[in-house]
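Understanding the architecture of this molecule
This is what each chain is made of:
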Amino acid sequence: MTDANIMKKNAGYYAAELVEDGMIVGLGTGSTVFFAMEKLSSMINGGLDIVGVPTSYQAMRRAREYGIPLGTLDDYPTLDLAIDGADQIDPKLRMIKGRGAAQTMEKCVCDAADSFIVVSDPSKLSDRLDAVVPVEVIPFACSTMMETVRKLGGVPVVREGVKKDGPVITDSGNFEIDCSFGIIKDPESLESRLNNIPGVLSCGLFTQYSSKTRVVIGKKNDVEVILLGD
Ligand SMILES: O=C[C@H](O)[C@H](O)[C@H](O)COP(=O)(O)O
């Protein structure tokens, strides 16, 4: 296994061990959460009784392979905790997510959860947020939304498919626009402005959940857990 995967595995396994019998657990999207699901699968085989609420087709399919019982937000409008990955994390535990175009459902699940466990390797930590901000928008509003992003100082690019010609279509049937802003000086304000553009479902900035967030950083031999105020 590569060093990167060892670190992701350590983070994912640690997060899974925070899950207790009877919990309803949000299952995020991406490669790091896969390890948490792998560990949950073995815990379920050992008798753990939980229900997972997946945040994407990818998470749903992987969870099924692992034998994790599944439900939806209709079944469970509130969750005990959610485990998810991130693309960039700043010292105030504000994040950018959405590399996998799953940020809208991830944000719904995070919002529904009492506690948000973010699993990551050290490469995601940054003293500032300057990564591309993914924005999910309905196709009808895409061009107007991109104009608004330019007026906000951003450079929007329609995400293109791999092994599929044309735009990426999200799990909810929309376009994903990657918006570069350079260093984001006021992430809260930018999140709110992007989310308020008509036709936008959600952007990948997560600035409102720091107080219920624990970031688990996998290292080669252990993990570091970061809480706000550490
Ligand atoms: O849309 C995708 C998500 O926000 C992922 O949680 C994020 O990209 C992290 O993925 P990974 O664990 O593969 O780095």
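Residues numbered from 1 in each chain as written. Predicted model: local features only at pLDDT ≥ 70, side-chain atom pairs only at ≥ 80, totals over all residues. Heavy atoms only, no water.

Tallied over the entire structure, the rule returns 13 salt bridges. The residue aspartate 90 makes a salt bridge to arginine 94 at a minimum N-O spacing of 2.8 Å. We classify aspartate 90 as buried; its relative accessible area is 6%. Connected through shared salt-bridge partners, Asp84, Lys97 and Glu106 make up one network. (Salt bridge = Lys/Arg side-chain N within 4 Å of Asp/Glu carboxyl O. Buried < 20%, exposed > 50% of the residue type's maximum accessible area, 1.4 Å probe, protein only.)

Further remarks concern the packing of helix H1 (residues 3-16) against helix H2 (residues 31-45). Look at H1 against H2: their axes get within 7 Å of each other, and the N-to-C directions meet at 50 degrees. Of the possible angle classes, the one that applies to H1 and H2 is oblique. Handedness of the crossing formed by H1 with H2: right-handed. Residues Asn5, Lys8, Lys9, Gly12, Tyr13 and Ala16 of H1 touch H2, and the partners they reach there are Ser31, Thr32, Phe35, Ala36, Glu38, Lys39, Leu40 and Met43. Of the residues assigned to the contact of H1 with H2, the class counts are six nonpolar, four polar and four charged. (Axes fitted to C-alpha atoms, helices over the stretch in contact; angles between N-to-C directions. Helix = DSSP H or I, 4+ residues; strand = E, 2+ residues; numbered from the N terminus. Parallel < 35°, antiparallel > 145°, perpendicular 65-115°, else oblique. Left-handed = near helix turned anticlockwise from the far one by under 90°. Contact = heavy atoms within 4.5 Å. Nonpolar A, V, L, I, M, F, W, Y, C, P; charged D, E, K, R; others polar.)

For the rest of this paragraph, the subject is the environment of serine 42. By secondary structure assignment, the location of serine 42 is in helix H2. In this structure serine 42 comes out as partly exposed when scored by relative accessible area, which is 39%. In sequence terms serine 42 and glycine 67 are 25 residues apart; their C-alpha atoms lie 9.3 Å from each other. A polar side-chain atom of serine 42 sits 2.9 Å from the main-chain carbonyl oxygen of lysine 39. (Polar contact = N/O pair within 3.5 Å; in protein donor to acceptor, adjacent residues only side chain to side chain.)

This next bit is on the site of the ligand. Around the ligand sit 16 residues in total, of which Ser31, Thr32, Asp87, Glu106 and Lys124 are the nearest. Between an oxygen atom of the ligand and a main-chain N or O atom of threonine 29, the distance comes to 2.8 Å. Within the backbone of alanine 102, a nitrogen or oxygen atom sits 3.0 Å from an oxygen atom of the ligand. Surface burial for the ligand is 97%, taken as the share of its 380 Å² of free accessible area covered by protein chains. Per-class residue counts for the shell around the ligand are three nonpolar, seven polar and six charged. (Near = heavy atom within 4 Å. Areas by Shrake-Rupley, 256 points an atom, 1.4 Å probe, with all protein chains shown as cover.)

Turning our eyes to something else, we now look at the UniProt feature "active site" (unreviewed entry) in the protein. When the UniProt feature table is mapped onto this chain, "active site" (unreviewed entry) is found at Glu106. Taking relative accessible area as the criterion, glutamate 106 reaches 4% and is therefore assigned buried. Setting aside chain neighbours within four positions, we find glutamate 106 in contact with Gly28, Thr29, Thr55, Asp84, Lys97, Gly98 and Phe206. (UniProt positions renumbered as here; feature names shortened; annotations may be inferred.)

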